[in-house]
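Residue-level structural notes
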Protein chains: 2
Amino acid sequence: MQGISGHELSPKRAEYLKYVADCTGAVRTTEAAARFAVAPSTATKTLEGLARAGYLEHAPYRGFSLTAKGERYARFLVRRHRIVALMLSRFGLAPEEACTEAQKMEGCVSREVVDRICASLGHPMMSVCGRIEHDPGCCSPAEPGGE
Amino acid sequence: MQGISGHELSPKRAEYLKYVADCTGAVRTTEAAARFAVAPSTATKTLEGLARAGYLEHAPYRGFSLTAKGERYARFLVRRHRIVALMLSRFGLAPEEACTEAQKMEGCVSREVVDRICASLGHPMMSVCGRIEHDPGCCSPAEPGGE
DNA sequence: TGCAAATTTGGTATGGTGCCAAACTCCTGT
DNA sequence: ACAGGAGTTTGGCACCATACCAAATTTGCA
């Protein structure tokens, strides 16, 4: 994998990035502020932080959109969320419960661990909250020998 | 059970509390500073924070020791760590690996989830890094019907 | 074109973690 | 008995993440 450790972004930033990735087109400050129940200036600053780090592109007064790097990272974040949620559901948590708790934990789960759980689960296609996309080279087709 | 959510302490504070719980008798500032590789003043302040929150008792210039509350909470922290590590080992992580990764994640895992995983695992007695103590009323004897 | 809505900027705050230097306490050895 | 060194605490400062408000700025519609 291309150097994703899973700890590049703070939990909040990761949430914002996932949100931007979920939206089609550019995200307005107001939309993000509403989504996270914060003041618009807070949304601007958090998104600005992601832009400075190269995950988003900022068209001032227009909105924020994903860069290639942001898109790649967001795919990881979504996959991580779904793997963790699926794991929790295997321990008896109901789907929405698993999803909610996954949200709380996932920020601390490394890519390494996600890949291991993913492999151990047999590279599942579905989680409790959506399809799981397996990046080529990230987890599914890799691991030639062991595991 | 008694109102432990699992999110009472920041990850660092939780680590310090576990450390104090692991030591016999009072912990000196220097010991903690060495253990966490920080300046003595930092150790003082972090431990002071735990004391102010009621988890530790502070005998100035003498050391810090657990209060009843701290002891109870530390038991939860250790149990959480071991349950999470055991869970990870079930996904193919080697013992020390599971233990290391658990350390990174456990701060974000709620008591609720710990109890669920614990139950789902059949209230195991051993983890990859030590015995698992099941507080009466915390997890094992509870859950009368379901699960 | 002018004004309302949206956005950004700058100032400020809090909490957690960290450092250093200075002040203070403890204890041991002479 | 007490001086000095080791250990500890205090106060000041810094940084990052997150958050707010008020003021300034830009956009876009009427």
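You'll find chain A entered in an unreviewed UniProt entry as Metal-dependent transcriptional regulator, with Methanoculleus frigidifontis given as the organism.

Observations concerning the relation of the copies chain A and chain B
Rotating chain A by 180° and translating it 0.1 Å along the rotation axis places it on chain B, where the RMSD comes to 0.1 Å. Such a turn and shift between the copies fits a two-fold axis. When you check the interface residues of chain A against chain B, 100% turn up at the interface there too, and the contact is symmetric in its surfaces.

Re the domain arrangement of chain A
Residues and elements named next belong to chain A. When the domains of chain A are assigned, the result is domain 1 (11-66) and domain 2 (75-131). Taking only C-alpha atoms, the centre of domain 1 and the centre of domain 2 are 24 Å apart. Contact residues are listed per partner, giving 4 residues for domain 1 and 5 residues for domain 2. Carbon and sulfur atoms make up 61% of the surface buried where domain 1 meets domain 2, a total of about 430 Å² over both sides. Taken as a group, Ala 14, Glu 15 and Lys 18 account for 74% of the area that domain 1 buries against domain 2, more than any other trio of residues on that side. Our count for the domain 1 to domain 2 interface comes out at 1 salt bridge. The partner of Lys 18 in a salt bridge is Glu 106, and the shortest N-O contact between them spans 2.4 Å. Inspection of the region where domain 1 meets domain 2 yields 2 residue pairs in polar contact (both at pLDDT 80 or more). A breakdown of the residues in the side of domain 1 that touches domain 2 according to their chemical character gives 2 nonpolar, no polar and 2 charged.

Comments concerning the packing of helix 4 (residues 68-90) of chain A against helix 5 (residues 95-105) of chain A
Residue and element names in this part refer to chain A. Following both chains from N to C, one finds helix 4 and helix 5 inclined at 125°, their axes separated by 8 Å at the closest point. Taken together, the axes of helix 4 and helix 5 are oblique relative to one another. Where helix 4 crosses over helix 5, the handedness of that crossing is right-handed. Here His 81, Val 84, Ala 85, Met 87, Leu 88 and Ser 89 of helix 4 lie close against helix 5, whose contacting residues are Ala 98, Cys 99, Glu 101, Ala 102, Gln 103 and Met 105. Partitioning the contact of helix 4 with helix 5 into residue classes produces 8 nonpolar, 3 polar and 1 charged.

Calculation criteria
Residues numbered from 1 in each chain as written. Chains lettered and ligands numbered in written order. Predicted model: local features only at pLDDT ≥ 70, side-chain atom pairs only at ≥ 80, totals over all residues. Heavy atoms only, no water. Least-squares fit on C-alpha atoms with pLDDT ≥ 70 in both. Contact = heavy atoms within 4.5 Å. Domains from an automatic or database assignment. Buried area = accessible area lost by both parts, 1.4 Å probe. Salt bridge = Lys/Arg side-chain N within 4 Å of Asp/Glu carboxyl O. Polar contact = N/O pair within 3.5 Å; in protein donor to acceptor, adjacent residues only side chain to side chain. Nonpolar A, V, L, I, M, F, W, Y, C, P; charged D, E, K, R; others polar. Axes fitted to C-alpha atoms, helices over the stretch in contact; angles between N-to-C directions. Helix = DSSP H or I, 4+ residues; strand = E, 2+ residues; numbered from the N terminus. Parallel < 35°, antiparallel > 145°, perpendicular 65-115°, else oblique. Left-handed = near helix turned anticlockwise from the far one by under 90°.

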